[in-house]
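Architecture at a glance
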Amino acid sequence: MQAMHRIFNFISSMKTGLVLLLLIGLAAAAGSSFLPRTFYQIPAFKLLLLLLLLNMSLCTVKRFRQTSRILLSKTGSRVWFRNLGSLLLHLGILLVLIGGIIYSIHGQQERIHLLPGQQVDISRVLNIENPFTLRLEEFRIEFNEDGSTSQYISEVTILEQGKKTGQAAISVNHPLNYQGVKAYQTSFGYRVHAEYTENGEKKSSGFLEGAWLNPDGTDRRVKIYKYIPDFDPERGMNSVTLRPDNPQVIFSVYEDDNVLGIGAAKFNDPVRIDENVYVSFTGVESYTILDVKYDPGLPLALAGGMLLALGICLVVLAAPSPKNLRELKPQP
Amino acid sequence: MGIIMTFIVYGVLVIYLAAGVLYLAGNRTGREAVHKYALIAAAAGCVLHFAVLSMRTALTGMLPLTNGLDFLLTFSWITVVTFLLLSHRFRIKAAGGIVMLMSASMVLVLIILMKGRLDAVSPLMPALKSPWLTTHVITAAISYATFTLAAGLAIMQFFPAGRAIKDDYVNLLVRGAFALLSLSIVIGAIWAEQAWGRYWSWDPKETWALITWLIYAIYLHLYNRRGWSGSYARWIVIGGFLLVLFTFFGVNYLLPGLHSYV
Ligand code: HEM
């Protein structure tokens, strides 16, 4: 019994908590310098966070009696506010940690790519109760005067069982929030249209960057490397801006596995690949990349963050105690 | 415009250095008059510094908060303003030399990094177009400035001239700065959830802001324990300030992530 008591005291003590904070800090520092990204998934690191959660929960429970006595008595005093603040602050941190745990157990996040006109059944991407479909009506990039990007916007329609139930413009900082599923404007890409002859057929279709064409009448193959909206030979593959001021397609021609050459072509300028073999790029279409997420822990984490913020403000505003305040007055 | 601004910033640097030297001289000679001159110099530098901030605001049409360099410009100014306001009420003039030299170094770093681009204007990138921008960055800037002051006072406590500086002054500053850092991190997380789809992604800036926060949290928990105020506490405040510097410079320049808008 006494041993149990000792263990409980050890796990719930502030000293243990502070050592945990220090260890988490050191581990995070090491992680960010040596193994960014993967480090924070390591079980040992997660264990530290779990131990902190345990320690803080027990510590809060242990102090609860004392805190509640203060909160029930000296209403309105500095001490009262400080204790209330401290309680909220610690509860807030606990909620944030619990919210994070809920996400890591039940949360889902996936990336979807949509061309205008395409649609995706979200219940095939995420495991959710109320299925719905997102259809991309339009994806556009808006520009500032200097050509820099002002906003990326995906205009979507939401459908349930084939019926339209809503529509939204998803842009950076303005995610869609529909029945607990959120969709964020994350990225975009291009599909280049090319015309050429393959297997005796005149073809005109769209290709993603990196795709290969095998035109008739030659052994040579063409790789569509990259679409450059504002091409500048000085900068090569780096578009000046995303605004299509000088759109060109960078392609390379291969024979067997050897590169014969790399070129940049304007739209509708036929490119000679071999004798009498031409390919022309006729246009480009951009597609959107959205992250869709289901995080049942989010409301808890948000509430935790707010409690934390409120609590810390109370603690600071209520400090220092009147005794200290007198000391802080300038001495004559 | 660029040339005028560069000229004024050099002026601010020189005046801050002068104010710093005067404050130190005041400590040495123990003459109130010297401290008064130092105060006048610092205030004059502060006014010029504010002129640069105003010109940046006029140029960009936004408060100077949207990139690392504007942040540095704002945060060094807040450091000086807060010091001047507080030194009016509390006995912390002795730290004036250190605080002015710290602010001068920030202005110097700004001049080096800016390479004369003080009139550079670029529109906000989409991720920054959010009502959270101002609150997130202002809280961070005031927090950093207050941590700087706290560290300045803590350093001064090691010298005989800093005897009037009470541990409680430093503690009060750290508390305020800690609360503001907490607000900035919480707001940053709320914003990150909207902008990037995750409220915490262990991006270097997030990670180092958290590490900084943890160290000061440890300090605040230990402060009231017997034996911890005094020299230990001072060292943590100084160490915490080094973390603040790393979170700002190290992360912006060495560990680029989502948060690099330099
Ligand atoms: C959990 C999330 C976040 C944390 C912990 C965080 C932390 C910080 C900190 C400590 C600073 C102070 C200045 C510095 O060290 O550079 C800062 C500045 C800044 N933050 Fe965040 N932030 C977060 C999210 C965001 C998001 C989502 C954005 C925008 C999309 C953003 C944009 C900025 C900008 C523009 C500055 C000022 C300029 C600069 O120093 O780079 N932050 N942030």
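Here the structure is a predicted model, which is why all the values come from computation and not from measurement. Along each chain, the written sequence defines residue order, and numbers are assigned to residues from 1. Chains and ligands are labelled by the order in which they are written, letters from A for the one and numbers from 1 for the other. Reporting in this predicted model follows two pLDDT cut-offs: at least 70 for local features of residues, and 80 or more for side-chain atom pairs to be given and counted; totals over whole chains, interfaces and linings ignore these cut-offs and use all residues. The side-chain values count all of the structure's non-hydrogen atoms but skip hydrogen atoms and water molecules.

1. Focus on the domain arrangement of chain A
- Boundary definitions for the domains trace back to an automatic or database domain assignment. One can read the domain layout of chain A as domain 1 (2-107 + 297-327), domain 2 (109-189 + 289-294) and domain 3 (190-285).
- Distance between the C-alpha centres of domain 1 of chain A and domain 3 of chain A: 57 Å.

2. Observations concerning the domain arrangement of chain B
Residues and elements named next belong to chain B.
- The domain boundaries assigned to chain B delineate domain 1 (1-116) and domain 2 (128-262).
- Whether two residues touch is decided by their heavy atoms; if any such pair falls within 4.5 Å, the residues are in contact. Each partner contributes residues to the interface: domain 1 has 26 residues there, and domain 2 has 29 residues.
- The term buried area denotes the loss of accessible surface (1.4 Å probe radius) that occurs when two parts are joined, taken as the sum for both partners. For the pair domain 1 and domain 2, the summed buried area comes to about 2,400 Å², and 87% of that belongs to carbon and sulfur atoms.
- By definition, a salt bridge exists where a carboxyl oxygen of Asp or Glu is found within 4 Å of a side-chain nitrogen of Lys or Arg. Linking domain 1 with domain 2 are 0 salt bridges.
- As used in this structure description, the phrase polar contact means that two N or O atoms lie within 3.5 Å; if the pair is within protein, one of them must be able to donate a hydrogen and the other to accept it, and residues adjacent in sequence are counted only when both atoms belong to side chains. One can count 0 residue pairs in polar contact (both at pLDDT 80 or more) joining domain 1 with domain 2.
- Numbering of helices and strands runs from the N terminus; a helix is a DSSP stretch of H or I covering at least four residues, while a strand is a stretch of E covering at least two. When residues of the side of domain 1 that touches domain 2 are traced back to their parent elements, those giving at least two are α3 (68-89) and α4 (96-114).
- Ranked by residues supplied to the side of domain 1 that touches domain 2, first place goes to α3 with 10 residues.

3. Quick notes on the pairing of strand β14 (residues 277-294) of chain A
Residues and elements named next belong to chain A.
- When accessible area is computed with a 1.4 Å probe and restricted to protein chains, residues below 20% of their type maximum are described as buried, those above 50% as exposed, and intermediate ones as partly exposed. With 13 of its 18 residues buried, β14 lies for the most part within the structure.
- As paired strands, strand β1 (residues 108-114) and β14 are joined by 7 bridges and run antiparallel to one another. Each bridged residue has a counterpart across the sheet, and for Gln109 the counterpart in β14 is Lys293.
- As paired strands, strand β7 (residues 181-198) and β14 are joined by 14 bridges and run antiparallel to one another. Bridge assignment links Ala183 to a residue of β14, and that residue is Val292.
- For strand β13 (residues 271-274) and β14, the ladder comprises 3 bridges, and the chain directions are antiparallel. For Val271, the partnering residue across the bridge sits in β14 and is Val279.
- A pair of strands is treated as paired once DSSP finds two or more bridges between them. In this antiparallel pair of consecutive strands, β13 and β14, the connection spans 2 residues, and Asn276 shows a positive phi of 65°.

4. Description of unusual backbone geometry
Residues and elements named next belong to chain A.
- In this model, Asn268 sits at a positive phi of 65°, which is unusual for a non-glycine residue.
- By the element assignment, Asn268 lies in the loop between β12 (258-266) and β13.
- Backbone geometry at Asn276 places phi at a positive 65°, although glycine is not the residue there.
- Structurally, the position occupied by Asn276 is in the loop between β13 and β14.

5. Here's the deal with the environment of Ile11(A)
Residues and elements named next belong to chain A.
- Along the chain, Ile11 falls in helix α1 (residues 2-12).
- Separated by 176 residues in sequence, Ile11 and Ser187 have C-alpha atoms that sit 45 Å apart.
- Beyond its immediate chain neighbours, meaning those up to four positions away, Ile11 contacts Thr16, Leu54, Asn55 and Leu58.

6. Let's talk about helix α1 (residues 2-29) of chain B
- In this model α1(B) runs 40 Å from its N-terminal to its C-terminal C-alpha over 28 residues, within 8% of the 40 Å that 1.5 Å per residue would give.
- Here the buried face of α1(B) lies against α2 (32-60), α3, α4 and α5 (132-156) of chain B. The length a helix should cover is 1.5 Å for every residue beyond the first.

7. Examining the sheet that holds strand β5 (residues 163-171) of chain A
Residues and elements named next belong to chain A.
- In spatial order, the strands read β2-β3-β4-β5; together these 4 strands make up an open sheet with antiparallel pairing. Both edges of this open sheet fall to β2 (119-121) and β5, since each of them pairs with a single strand only. Between one strand axis and the next, the sheet turns by 25° as a mean value, whatever way the strands run.
- Note that strand β3 (residues 133-143) and strand β4 (residues 149-160) share 10 bridges and pair antiparallel. Paired with Arg135 across the strands is Thr157, a residue of β4. Under this scheme, a helix contributes an axis fitted over its contacting stretch, all axes are lines through C-alpha atoms, and angles between N-to-C directions fall in the 0 to 180 degree range.

8. A closer look at the environment of Thr57(B)
Residues and elements named next belong to chain B.
- Relative to the assigned elements, Thr57 resides in helix α2.
- When its relative accessible area of 26% is taken as the criterion, Thr57 is described as partly exposed.
- Distance from Thr57 to Ala33, taken between C-alpha atoms, is 36 Å for residues 24 residues apart in sequence.
- Here the side chain of Thr57 touches Leu53 through a polar contact of 2.7 Å, landing on its backbone oxygen.

9. Side note on the interface of chain B and chain A
- Taken together, the 46 residues of chain B in the interface contact 52 residues of chain A.
- Here chain B and chain A share an interface that buries about 4,000 Å² over both sides, 65% of which is from carbon and sulfur atoms.
- Contact with chain A buries surface across chain B, with Pro126(B), Tyr199(B) and Trp202(B) losing the most and accounting together for 16% of the total.
- Put simply, chain B and chain A have 2 salt bridges between them.
- The salt bridge partner of Glu193(B) is Lys293(A), with a shortest N-O separation of 2.9 Å.
- Summed over the shared surface of chain B and chain A, the result is 10 residue pairs in polar contact (both at pLDDT 80 or more).
- Elements represented by at least two residues in the side of chain B that touches chain A include exactly α6 (167-195) and α7 (204-223) of chain B.

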